[in-house]
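Descriptive analysis of the structure
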Amino acid sequence: MNLQDRAMSSNEVSEISEDYTTLEAARLLGMSVRSVQLMVDRGELQAWKTPGGHRRIARASLEHLRAAVRKTSPPPRHASSKGATLERPRVLLIDDSIHFQKLVSLLMRQRFPDVDLHIADDGIAGLALYGQLQPQVLIVDILLPGIDGATLITSLRSHPQFANSHLVVVTSLDEPQRASYAFALDQLPVIHKPRLVTELPELLMKWLPAPSVEQGDAVAS
Amino acid sequence: MATQRQQSSNVPPTVRAAIAENFDGDAQLYQAFAAACAAQFAQDVSIGQAGCDVGDLPALRRLAHNLKSALTMLGHDDLFAVAQSLESQAAAGDLLSAEASWRVLRTELSRWQST
């Protein structure tokens, strides 16, 4: 999927008139218009331009992305005895390493059983899932397929809504190898993966709310 | 108690050090992670071999990069070094060396699955 914007004839326009505007695509993905524009610029979403110069996002391309996101969509939340949905804290991990997905899952289950962990395998699914979930904490690997973690972080930090999330970067890269990503890592906590078990829980304890009595009761019931 | 001491003495020093340093002394978490990794190594061997067969160096590089951290966390610094070499060779476009490193890594990962 590496298509760029291109101008189209009016016949072609009428054939694919059900494509989305950038704003519609942003709403469907739960992302900002700017993020959608960036995804088009990077060839991650297919788009074309109307004779008047307006951008349209190809429906098939958007549906493909949404399908990828649905594959990683969250499990049903716990419900209280009154049927109301409880807002459990959410953590989103964006990492393509199955080994580390498993490690973080084990760690969260053991130390933070009241937190919902969601996982995305790549930067594109991660960005879209972030928009849907608005997690309290985002754990991002630097080297990712699709959008790399540094680009993803830069994109997220430009979002006003991102102010509500805490971000921690995890990486297998040692310090000299991280130098080329310094622009994205500025003022962020970075955990070298071998130190994950010793360093991540401390950060999460600082950032995540303590479980309420009501939550504890509902989870136990 | 004697059995516990015996089991503990059977644990290689590198693994004991890994539990202490990388798992905050939590042997249970180490074992759960090691079991998860052993299951995943079968997939890794398939992915790596497919990459090697067609000379897909970016795929070998990604795989080696991901394996590197898992192996060092488990206390297998010798295999970490092989994965690190593979990652560098794949990044440098050195297919012959990458294939040689992959063969070593594949043998060790396959052995791991069967233990």
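Residues numbered from 1 in each chain as written. Chains lettered and ligands numbered in written order. Predicted model: local features only at pLDDT ≥ 70, side-chain atom pairs only at ≥ 80, totals over all residues.

1. Some remarks on the overall build of chain A
The test is simple: To qualify as a helix, a DSSP run of H or I must reach at least 4 residues; to qualify as a strand, a run of E must reach at least 2; elements of each kind are numbered from the N terminus. Each residue is classified by how many other C-beta atoms fall within 10 Å of its C-beta atom, where C-beta atoms are placed from the backbone; a count of 20 or more means buried, 12 or fewer means exposed, and values in between mean partly exposed. Contact definition: two residues whose C-beta atoms, as placed from backbone geometry, lie within 7 Å.
A tally of helices and strands in chain A yields 11 helices and eight strands. Within chain A, the proportion of its 221 residues that are buried is 36%. Pairs at least 24 residues apart make up 66% of the contacts formed inside chain A by residues separated by at least 6 positions.

2. Regarding the interface of chain A and chain B
Definition in use: Residues are grouped as follows: nonpolar covers Ala, Val, Leu, Ile, Met, Phe, Trp, Tyr, Cys and Pro; charged covers Asp, Glu, Lys and Arg; every other residue, Gly included, is treated as polar.
At the junction of the two partners, chain A supplies 14 residues and chain B supplies 16 residues. When contributions to the side of chain A that touches chain B are tallied by element, the ones reaching two or more residues are helix 5 (98–111) and helix 10 (196–207) of chain A. By residue number, the principal contributor to the side of chain A that touches chain B is helix 5 of chain A, which donates seven residues. Among the residues forming the side of chain A that touches chain B, the class breakdown is seven nonpolar, five polar and two charged.

3. Some points on unusual backbone geometry
Here the phi dihedral of Gln187 of chain A falls at roughly 65 degrees; this positive angle occurs in a residue that is not glycine. Unlike most non-glycine residues, Asp24 of chain B shows phi in positive territory, near 55 degrees.

4. Concerning helix 2 (residues 13–22) of chain B
This is how the line gets drawn: In this description, one arc is meant: the one made by directions from the helix axis to the C-beta atoms.
Every buried residue of helix 2 of chain B is listed here: Ala18, Ile19 and Asn22 of chain B. An end-on view of helix 2 of chain B places all buried positions within 105 degrees of arc, on one side of the element. If you follow the buried residues of helix 2 of chain B, they end up packed against helix 10 of chain A together with helix 3 (27–53) and helix 4 (57–73) of chain B.

5. Considerations on the pairing of strand 7 (residues 166–171) of chain A
All names here are of chain A. The line we're drawing: Paired strands are those between which DSSP finds at least two bridges. The handedness rule is simple: strands pointing away from the viewer, and a clockwise path from the first strand over the helix to the second, make the crossover right-handed.
Direction of pairing for strand 6 (residues 137–141) relative to strand 7: parallel, over a ladder of five bridges. Considered in strand 7, the bridge of Leu138 is made with Leu167. With respect to chirality, the unit in which strand 6 leads through helix 7 (residues 149–157) into the neighbouring parallel strand 7 is right-handed. Where strand 7 and strand 8 (residues 190–192) come together, three bridges link them in parallel fashion. Directly across from Val169, in strand 8, lies its bridge partner Val190.

6. Topic: the environment of Gly51 of chain B
All names here are of chain B. Looking at the element boundaries, Gly51 is found in helix 3. Here Gly51 falls in the buried class, since 21 other C-beta atoms lie within 10 Å of it. Separated by 51 residues in the primary sequence, Gly51 and Trp102 have C-alpha atoms spaced 10.0 Å apart. Setting aside residues up to four positions removed in sequence, Gly51 forms contacts with Asp56, Ala59, Leu60 and Leu63.

7. Describing the pairing of strand 6 of chain A
All names here are of chain A. In terms of residue burial, strand 6 counts as a mostly covered element, since five of its five residues are buried. Residues of strand 6 alternate between two faces, with Val137, Ile139 and Asp141 on one and Leu138 and Val140 on the opposite face, all of them buried. Relative to strand 6, strand 4 (residues 90–94) is paired through four bridges, and the arrangement is parallel. Bridge pairing links Val91 to Val137 in strand 6.

8. Overview of helix 5 (residues 77–91) of chain B
Residue and element names in this part refer to chain B. Heads up, the rule is: For a helix, the expected span equals 1.5 Å multiplied by the residue count minus one.
Over its 15 residues, helix 5 extends 21 Å from the first C-alpha to the last, a length consistent with the 21 Å expected when each residue adds 1.5 Å. Considered for burial, the residues of helix 5 that qualify are Leu79, Val82, Ala83, Leu86, Glu87, Gln89 and Ala90. Note on helix 5: the residue one or two positions beyond its end, Gly93, has a positive phi of about 75 degrees.

9. A few points about the confidence of the model for chain B
Residue and element names in this part refer to chain B. Let me state the cut-off plainly: A residue's pLDDT is the predictor's confidence in that residue, given on a scale from 0 to 100.
Taken as a whole, chain B shows an average pLDDT of 90; of its residues, 90% reach a score of 70 or greater. The low-confidence segment residues 1–7, where pLDDT is below 50, has zero contacts with residues more than four positions distant or belonging to other chains. Across the whole predicted complex the pTM is 0.71, and at the interface the ipTM reaches 0.87.

10. Comments concerning the sheet that holds strand 1 (residues 20–21) of chain A
All names here are of chain A. A sheet is described by the order of its strands in space; here three strands give the open sequence 1-3-2, paired in antiparallel fashion. The sheet is open, and its two edges are formed by strand 1 and strand 2 (47–49), each paired on a single side. Of the pairings in the sheet, the one linking strand 1 to strand 3 (residues 55–57) comprises two bridges and is antiparallel in character. By the bridge assignment for strand 3, Tyr20 is matched with Ile57.

11. Description of the sheet that holds strand 8 of chain A
Residues and elements named next belong to chain A. Operational definition: Think of each axis as a best-fit line through the C-alpha atoms, taken over the contacting stretch in the case of a helix, with angles from 0 to 180 degrees between the N-to-C directions.
Across the sheet, which stays open at both edges, the five strands sit in the order 5-4-6-7-8 with parallel pairing between neighbours. Whereas interior strands pair on both sides, the edge strands pair on one side only; in this sheet they are strand 5 (116–120) and strand 8. Sheet twist, expressed as the mean angle between neighbouring strand axes with direction ignored, is 20 degrees.

12. Points about the environment of Gln84 of chain B
Residue and element names in this part refer to chain B. Mapped onto the elements of the fold, Gln84 is located in helix 5. Residue Gln84 is classed as partly exposed on the basis of its 19 C-beta neighbours within 10 Å. Between the C-alpha atoms of Gln84 and Val104, which are 20 residues apart in sequence, the distance is 12 Å.

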